[in-house]
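Structural features, examined
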Amino acid sequence: MTKPGLRPNRRPLKQAHYDLVILGSGSTAFAAALRAQALGKTSVMTEERTTGGTCVNRGCLPSKNLIEAAKIIHAGNSHRTRKNIQQLGV
Ligand SMILES: Cc1cc2nc3c(=O)[nH]c(=O)nc-3n(C[C@H](O)[C@H](O)[C@H](O)COP(=O)(O)OP(=O)(O)OC[C@H]3O[C@@H](n4cnc5c(N)ncnc54)[C@H](O)[C@@H]3O)c2cc1C
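Definitions and cut-offs
Residues numbered from 1 in each chain as written. Predicted model: local features only at pLDDT ≥ 70, side-chain atom pairs only at ≥ 80, totals over all residues. Helix = DSSP H or I, 4+ residues; strand = E, 2+ residues; numbered from the N terminus. Buried ≥ 20, exposed ≤ 12 C-beta atoms within 10 Å, placed from the backbone. Contact = placed C-beta atoms within 7 Å. Near = placed C-beta within 6 Å. Pairing = 2+ DSSP bridges. pLDDT = per-residue confidence, 0-100.

Once that is clear, we can look at the overall build of the protein chain. The helix and strand inventory of the protein chain stands at four helices and two strands. Counted from the first residue to the last, the protein chain has its helices and strands arranged as β-α-β-α-α-α. Split into buried and exposed, the 90 residues of the protein chain put 2% on the buried side. Across the protein chain, contacts joining residues at least 24 apart in sequence account for 37% of those joining residues at least 6 apart.

As structure tokens, this is what we get:
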């Protein structure tokens, strides 16, 4: 049975040989691929969700954006900010 989001008619890749098959495409996978390359080996990455893994898609980067947005909203709602705005006559 095909997983939701996967195209059922996707053509299979041509058969190829790799020294290393990496499951996942997060930061650990990239470190492994770079290490393999440094050792003169070939590697291929597989990914069952989104390329880039947790940090890029769901973790580090999106969370920092949300934290910054929350800081801006919090600062805008603070008593001091409201008082400054009132003093400006806005
Ligand atoms: C909310 C949040 C905020 C974070 N903030 C930071 C931060 O500020 N700084 C920091 O250093 N770290 C942060 N992290 C931690 C960081 O995201 C992880 O340390 C990092 O992503 C781990 O990388 P990884 O490659 O080991 O795993 P992942 O990035 O999780 O990659 C694993 C990948 O493997 C795939 N996969 C799993 N099984 C298979 C399979 N059988 N076949 C194919 N693919 C498979 C998964 O779909 C996934 O994409 C945060 C994490 C979260 C959740």
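Moving on: the site of the ligand. Around the ligand, the surrounding shell holds 17 residues, and the nearest of these are Gly24, Gly26, Thr28, Gly53 and Gly59. For the shell around the ligand, the secondary structure elements donating two or more residues are helix H1 (27-38), helix H2 (53-57) and helix H3 (60-77).

Glancing now at helix H4 (residues 79-87). Among the nine residues that make up H4, zero are buried, leaving the element largely open to the surroundings. Just past H4, the residue Gly89 takes up positive phi, approximately 75°.

Now for the pairing of strand E1 (residues 20-23). Of the pairings in the sheet, the one linking E1 to strand E2 (residues 43-46) comprises four bridges and is parallel in character. Bridged to Leu23 within E2 is Thr46.

Looking at the protein chain, the pLDDT average stands at 87 and 87% of residues meet or exceed 70. Confidence, read as mean pLDDT per element, is least for H4 in the protein chain (80) and greatest for H1 (98).

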